[in-house]
Amino acid sequence: MPLLRPRRGLLRPGRGRWLHLPAHGGGPGLPAAMRRLLSGRPGVWDLPELPAIGGPLLENGAVAASQHAAAAAYGVDRCWYGVNGATGMLQAAVLAMAQPGQALLMPRNSHRSLIQACALGGITPVLFDLPFLVDRGHVAAVDAVWLERVLAVVEAEGHQVSGAVLVQPTYHGYAVDPGPLVALLHQRQLPVLVDEAHGAHFLPGIDPHLPGSAVHAGADLVVHSLHKSSTGLGQTAVLWHQGGRIPIEALQRSLSWLQTTSPSALLLASCEAALADWQTLDGRRRLKHLLHQARGLHARLRQQQLPLLATTDPLRLIWHTGAAGISGLDADAWLMPRGLVAELPEPGCLTFCLGMTTRPRLAAEMLRQWRALKASQPFEKALPPFTPPPLPLVASPDMACGKAWCAPCQQLPWADAVGAIAAEMVCPYPPGIPLLVPGERLDVSRVNWIEQQRRFWPDQISSRVRIVA
Ligand SMILES: Cc1ncc(COP(=O)(O)O)c(C=O)c1O
């Protein structure tokens, strides 16, 4: 029993500092109602869709009542709880927004689930490039000026899109006010889906320094991953719907395609508890306190010369390891056995998630570990700047994603694949953002860039690529 074996199994408490997701931090951040439920008789919560309970797609029962109450509490028309993460909700949303043969405008930092949904639904992703921060190798948040440029190219090149997707905040917590972005898209009659997986805590609107939620900016569909940015258990998520641009029936249909027929009552209860928590004075105070405490931690670490990158969301803490010549992947491998377990190692940085729980003595421990890590490395020179991906501002795959994925294919070394069409998605995880989408044609500059990425992610990017035969 590799997971449950007493003492040596993986599922045991006390495996270092939990600075990764889920955001409940190994339990302390769970709402009181969930802690009570989980400390009661084992398994009482594992119930099927009995008539009194119902399910996310049923009109009657406790789940329907809970969803209606959550939607009303946050001023939205409808919502559905999800037990397959933001992944399942995003995929259902995409399938409701476009029919086979239609296209959706999407940013290049779309989570892989969005591309998979396009493949499943015969939908063309019209992908737009993003501002790139060369010192760390991240994409920045898209603002209205950037989006206007994108829309101008979409129109000039004649891409017919039936809706648009935005990702806000990014995995690293970079975010802007979504209102102007949603307004720009609505002016062009485009329905908008916002992947706000990492921004559920923008929803209660309790912090003047955080951007508002896309829910309150009028986005037609918004997805929150409740285990990433709220107090839900792993796999919990919610899809919000408002206005008349996306038919409810289309959403219900695609949700029924992609959600299990046996949703876990435990996870559904966790969705309710996570969303209800911020409706209480106590829950709102706690979130406010966590944000305040996180800002204090950032300030203290920066004062002590730990190279932190600025980000909009204080619950993300990004060590700029590259500034000291250290790869974030190496830093992660060094820190994990020493008890600091991060969320997102990348070539230039290491991102920690502070989550929904207090962090006593974390500043002192981070400083100690940072100094020890630096002392263990022979070089101090900063890593060179990262190269932005060589992509046009707007592009769509040469072959339909789903067709390329399923086509007869062959594997070639990257250098031999110039001119060919990719039959796979190349996507280090985390963060789960594709570097290459099935159906895209490889040119020399893209191949060179991916070869360069391979040196950064040797375990995640193969030396060969599957191409359409
Ligand atoms: C931006 C973004 N959207 C969606 C997802 C999928 O979320 P989940 O793990 O809840 O399925 C992720 C996961 O990393 C993500 O980073």
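Please refer to the structure higher up on the page.
Residues numbered from 1 in each chain as written. Predicted model: local features only at pLDDT ≥ 70, side-chain atom pairs only at ≥ 80, totals over all residues. Heavy atoms only, no water.

## What about the site of the ligand?
Selection rule: Summary of the distance rule: residues count as near a molecule or strand when at least one heavy atom falls within 4 Å of that molecule or strand. Within 3.5 Å is the distance limit for a polar contact, defined as a pair of N or O atoms, with the added protein rule that one can donate a hydrogen and the other accept it, and that residues adjacent in sequence qualify only through two side-chain atoms. The Shrake-Rupley method, run with a 1.4 Å probe sphere, supplies the accessible areas, and residue values consider only the shown protein chains as cover. The distinction between a cavity and a pocket rests on a 1 Å grid over the protein atoms alone: a 1.4 Å probe fits inside a cavity but cannot get out, while a pocket stays open yet meets protein on both sides within 12 Å along at least five of seven lines, and a residue with an atom within 4 Å of a point counts as lining. Assignment to a cavity or pocket requires that more than half of a molecule's atoms be within 2 Å of the site's grid points. Helix numbering and strand numbering both begin at the N terminus, where a helix is a DSSP run of H or I of at least 4 residues and a strand a DSSP run of E of at least 2.
If you check the shell around the ligand, you find 13 residues, and the closest are Ala86, Thr87, Asp195, His198 and His227. Here Asp195 contributes a side-chain N or O atom positioned 2.6 Å from a nitrogen atom of the ligand. One of the side-chain N or O atoms of Lys228 is found 3.1 Å from an oxygen atom in the ligand. In isolation the ligand offers 390 Å² of accessible surface; the protein chains occlude 92% of this area. More than half of the atoms of the ligand fall within 2 Å of the grid points belonging to the largest pocket. Residue assignment for the shell around the ligand shows that the elements contributing at least two residues are helix H3 (85-97) and helix H7 (226-229). With four residues, H3 is the largest single contributor of residues to the shell around the ligand.

## What about H3?
For clarity, the cut-off: How far a helix is expected to stretch is found by multiplying one less than its residue total by 1.5 Å. Under the scheme applied here, a residue whose accessible area is under 20% of the maximum for its type counts as buried, over 50% as exposed, and between as partly exposed, the area being computed with a 1.4 Å probe on protein chains only.
Look at H3: 19 Å from first C-alpha to last across 13 residues, which is about the 18 Å you get at 1.5 Å a residue. Buried residues dominate H3, accounting for 12 of its 13 residues.

## A short note on the pattern of salt bridges
Filter applied, for reference: Should a side-chain nitrogen of Lys or Arg be within 4 Å of a carboxyl oxygen of Asp or Glu, the pair is scored as a salt bridge.
Counted under the stated rule, the structure contains 12 salt bridges. The partner of Asp135 in a salt bridge is Arg136, with the nearest N and O atoms 2.8 Å apart. A salt bridge links Glu365 to Arg368, with the nearest nitrogen and oxygen atoms 3.9 Å apart. Taken together, the positions of Glu365 and Arg368, both in helix H12 (residues 362-376) and three residues apart, correspond to about one turn of that helix. By relative accessible area, which is 16% here, Glu365 ends up buried. Among the residues examined, Arg368 registers a relative accessible area of 53% and is labelled exposed.

Remember, this is a structural readout, not a statement about activity or role.
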